[in-house]
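Analysis of the macromolecular model
One-letter residues, chain by chain:
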Amino acid sequence: MPFLKIEELKTLIIDFTSHCNAMCGNCSRNISGVDVNPNMPLDHMSLRTWKKIIDNSTYVDEIIFNGSYGDAIMNPNLLEALEYASSKKISIMIHTNGGIGKPELYVKLATVLKKFKQPSGITWSIDGLEDTNHLYRRGVIWQRIIDNAQAFINAGGLARWRMLVFDHNAHQLKECEQLAFSMGFKKFDINGGHTFSAINSIIGKAVEKFKANKKEEARTIAYNKSYLDNVERVKGLLEKGFDKSQITCKWQKKRKVQISHIGEVLPCCYLLTDRYPRYPDSPYAIEQKDIKWPNINTESLKDIVQGETLTYPKDNRFKICEVTCGEV
């Protein structure tokens, strides 16, 4: 049974590099926000690999640069890579912390992104204001973010502000939204990700209060508690056992796959997170350490997604699958 038929594949999530300027506390590329993960190949995706991806993407509608190990803006090949793909009927969204490079680069990015199917642009991961953003986005300089974002917007770039909500920045939601729209961001999204607060829902409470204050005004993410922090889903798994869960692969359902910076194709970002594990003795790392994921440099994307490797194991019981996609 194939993971997907090639004509069903609509979205590619790309890890374009494993380099980054930041040391975010929960990121897979570093150990507790202090030391770089020694098990991770430190490299940029090559243009050769990128061209293989583009030349194999006949049915793909969108490509999202959203790294598990790095920030795409760090890759010096980015502008050339985008130019190569610009004749394709695809949309592009680049996720970045915004603190890399100078405004001139973002003016160029705004120009090339206009050549793609719209909406195409940059999602800026900004988690608070000048006094809080650096608490999670360690090493990212606030003024550099603002200067780069404003240059991108002024050049006609489509910008979205996405904010991870923690207890230390939840009180700034309204102010962040006001700043975003005053600068010209087109969207302001909030993400109370289950990674950070599945059971203790301080994030959920902050978001609920924020949304209640908005009343009937349109939001870019409709309030849905299960989407934001998965509280009830995870509670059920804890009560009845993760191994009793029924797994429905979210990525397969959304018809997308993950491609690493060295060209490996995986079913999702959750498995890539432990492909080069910070903690090799974790159960998530151990169960896939001997798996050889297919690579776009040696196989066609069609053969990969229609093959059997992406559906391994056959009973679909990776522990990380139970945690992220299991329901009871």
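Residues numbered from 1 in each chain as written. Predicted model: local features only at pLDDT ≥ 70, side-chain atom pairs only at ≥ 80, totals over all residues. Heavy atoms only, no water.

As for the sheet that holds strand E11 (residues 265-266)
Whenever strands of a sheet pair, they do so through backbone hydrogen bonds, lying parallel or antiparallel. Read from one edge of the open sheet, 8 strands run E8-E7-E6-E5-E4-E1-E10-E11, paired in mixed fashion. Every interior strand has two partners, whereas the edge strands, strand E8 (187-191) and E11, have only one. Of the strand pairs in this sheet, strand E7 (residues 158-164) and E8 are connected by 5 bridges, and their pairing is parallel. Note on E8: the bridge partner recorded for Arg 160 is Lys 187. Along the sheet, helix H3 (residues 103-113) contacts strand E5 (91-96) and strand E6 (121-125); its crossing angle with E6, the most-contacted strand, is approximately 135 degrees. Running at roughly 160 degrees to E6, helix H5 (residues 142-154) makes contact with E6 and E7 of the sheet. (Pairing = 2+ DSSP bridges. Helix = DSSP H or I, 4+ residues; strand = E, 2+ residues; numbered from the N terminus. Contact = heavy atoms within 4.5 Å. Axes fitted to C-alpha atoms, helices over the stretch in contact; angles between N-to-C directions.)

Thoughts on the pairing of E5
By the criterion of burial, E5 is predominantly enclosed, with 6 of the 6 residues buried. By the alternation rule, side chains of E5 split into Ser 91, Met 93 and His 95 and Ile 92, Ile 94 and Thr 96, which are all buried. Pairing of strand E4 (residues 62-65) with E5 involves 4 bridges; the strand directions are parallel. Note on E5: the bridge partner recorded for Phe 65 is Ile 94. (Buried < 20%, exposed > 50% of the residue type's maximum accessible area, 1.4 Å probe, protein only.)

Digging into helix H6 (residues 173-183)
Those residues of H6 that fall on the buried side of the exposure criterion are Leu 173, Cys 176, Glu 177, Ala 180 and Met 183. The arc that holds every buried residue of H6, seen down its axis, measures 135 degrees, which confines them to one face. Immediately downstream of H6, the backbone of Gly 184 shows phi near 110 degrees, a positive value. (Arc of directions from axis to C-beta.)

Observations regarding unusual backbone geometry
Here Gln 118 and Pro 119 are connected by a cis peptide whose omega angle stands at 5 degrees. Residue position: Pro 119 is located in the loop between H3 and E6. In the Ramachandran plot, Arg 255 falls in the positive-phi region, its phi being about 60 degrees despite a non-glycine side chain. Assignment of secondary structure puts Arg 255 in the loop between helix H10 (250-254) and strand E10 (256-259).

Description of the packing of aromatic side chains
Here a ring pair, both rings aromatic, is described through the centre-centre distance and the interplanar angle of the planes. Summed over all chains, the structure comprises 10 aromatic pairs. Taken together, a centroid distance of 5.5 Å and an interplanar angle of 65 degrees make the contact between Trp 161 and Phe 185 edge-to-face. Pair noted here: Trp 161 is in strand E7 and Phe 185 is in the loop between H6 and E8, with a separation of 24 residues, a long-range link. Its relative accessible area of 0% is what places Trp 161 among the buried residues. The exposure class assigned to Phe 185 is buried, which follows from its relative accessible area of 3%. Of the aromatic side chains, those joined through ring pairs into one cluster are Tyr 106, Trp 124, Phe 152, Trp 161, Phe 185 and Phe 188. Above the ring of Trp 251, the side-chain terminus of Lys 256 is found at 4.4 Å from the ring centroid. (Phe/Tyr/Trp six-rings, centres within 6.5 Å; stacked < 30°, edge-to-face > 60°. Lys NZ or Arg CZ within 6 Å of the ring centre and 35° of its normal.)

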